[in-house]
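# Geometric and topological summary
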Amino acid sequence: MKILHLDKNHKLLINQLNDLGFTNHEDYTSSKSEIEVKISDYDGIIIRSRFSIDKKFLDAAKNLKIIGRVGAGLENIDCDYAKQKGVNLISAPEGNRNAVGEHALGMLLSLLNKLNKADKEVRQGKWLREANRGLELDGKTIGLIGYGNMGKAFAKKLRGFDVQVFCYDIKANVGDENCTQVDLQELQENADVLSLHTPQTPLTLNMVNREFINNFRKPFWLINTARGKSVVTEDLVSALDSGKILGAGLDVLEYEKSSFENLFKIDEPKFRWMRKGKKSNLPEAFQFLINADNVILSPHVAGWTVESNIKLAQTIVDKIQAKFC
């Protein structure tokens, strides 16, 4: 079987697939249309998020049997059409779930203890102890939306704290020893912290909006290591400004390009200013976030560790081997 690799990943992925008898080719620069011309020669592709795998692409890929997505989400793939054509979809949420759980916990603890604000002030010669008095995580209720691989990993990290963990999920009976499954209303009634662990679907698109936020009984902290488009940024900013949301840790942003490699679509003429490093034309809501002391931002790297790079690749190899060898 011939496999075309469209994104760079850990070298073990290609090395081990070679050892299993697969023929591996790499193309990290050709456009989607250029790939479509030759994709019928291949039985499989390995991709992260360089471009979408839509009906046109799948129709061109007449011999495709495998799509390996080195990551968790499959929103860039027309999954229903791929399955209709008999293509096996392989993802690797097991590979980066631990990294995501640690990142979410790190963001939460940093927010509660004002570490980003305090660090910046000390570097400026300011020694403001009372202004940086933190909060303890113990005694709080953590609400998780989505209780799959990522949600479970975060709940496991919370076991060392004296906290109550609730989860809401569209699937029934997913709760376990680390988390009690509840309905959305109960979660919103009790949560001091909300952490998102959902894929991007029609149900989660713009999920955290003004109405959703206002349904929480108490002001709360928000952590999003899932998908940026689940949160309406303008509504988040309004809630931060009013105090309804106490602070936010955002590894993902609504403005991300679908490849997750850049903010905005800087190849479009209207965003040329981004390439020149200008900030004046940034959306007002984003300007608020980058200037807020109670907001921590990272560039979609929650699952992006040295260890997860290896584990993601190994997971894809293991699943291909189990299915085709």
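Before reading further, recall that the structure is shown in the block above.
Keep in mind the model is a prediction, meaning the values are calculated, not measured.

What follows deals with the pairing of strand S7 (residues 164–168). Note: strand S6 (residues 141–145) against S7, 5 bridges, orientation parallel. When the sheet's bridge partners are listed, Ile142 is paired in S7 with Val165. One crossover worth recording links S6 to the parallel S7 by way of helix H7 (residues 149–157), and it is right-handed. In this sheet, strand S8 (residues 180–181) lies alongside S7 in parallel orientation, the contact comprising 2 bridges. Bridge pairing in S8 links Phe166 to Thr180.

Right, let's get into the sheet that holds strand S10 (residues 220–224). Read from one edge of the open sheet, 7 strands run S8-S7-S6-S9-S10-S11-S12, paired in parallel fashion. Edge positions in the open sheet fall to S8 and strand S12 (295–297), since each of these has one partner strand only. Examined bridge by bridge, strand S9 (residues 193–196) and S10 share 4 bridges and lie parallel to one another. Looking at S10, one finds that Leu194 is bridged to Leu222.

The backbone of Lys114 shows a phi angle near 55°, a positive value even though the residue is not glycine. Along the chain, the position of Lys114 falls in the loop between helix H5 (93–112) and helix H6 (115–123). The class of Lys114 is partly exposed, set by a relative accessible area of 30%. Of note, the phi angle at His300 is positive, near 55°, even though the residue is not glycine. Tracing the sequence through the fold places His300 in the loop between S12 and helix H13 (306–324).

Now for the environment of Gly151. With respect to the element layout, Gly151 can be found in helix H7. Between the alpha carbons of Gly151 and Asn18 there is a distance of 34 Å; along the sequence they are 133 residues apart. Not counting residues within four places of it along the chain, the set of residues in contact with Gly151 comprises Leu144, Gly146 and His197.

Consider a sheet: its strands pair through backbone hydrogen bonds, and that pairing is either parallel or antiparallel. Across the sheet, which stays open at both edges, the 5 strands sit in the order S2-S1-S3-S4-S5 with parallel pairing between neighbours. Single-partner strands in this sheet number two, and they are strand S2 (23–26) and strand S5 (88–91). The average angle at which neighbouring strand axes cross in this sheet is 20°, direction not considered. Here strand S1 (residues 2–5) pairs with S2 via 4 bridges, running parallel. Of the residues in S2, the one forming a bridge with Ile3 is Asn24.

The next thing to look at is the packing of helix H10 (residues 233–242) against helix H12 (residues 284–291). One way to put it is that H10 packs onto H12 with a least axis distance of 9 Å and a crossing angle of 45°. Accordingly, the angle class assigned to the pair H10 and H12 is oblique. Like other packed secondary-structure pairs, H10 and H12 cross with a definite hand, here left-handed. In this structure, H10 contributes Thr233, Glu234, Leu236, Val237, Leu240 and Asp241 to the contact, and H12 contributes Ala285, Phe288 and Leu289.

Conventions and cut-offs
Residues numbered from 1 in each chain as written. Predicted model: local features only at pLDDT ≥ 70, side-chain atom pairs only at ≥ 80, totals over all residues. Heavy atoms only, no water. Pairing = 2+ DSSP bridges. Helix = DSSP H or I, 4+ residues; strand = E, 2+ residues; numbered from the N terminus. Right-handed = clockwise from strand over helix to strand, strands pointing away. Buried < 20%, exposed > 50% of the residue type's maximum accessible area, 1.4 Å probe, protein only. Contact = heavy atoms within 4.5 Å. Axes fitted to C-alpha atoms, helices over the stretch in contact; angles between N-to-C directions. Parallel < 35°, antiparallel > 145°, perpendicular 65-115°, else oblique. Left-handed = near helix turned anticlockwise from the far one by under 90°.

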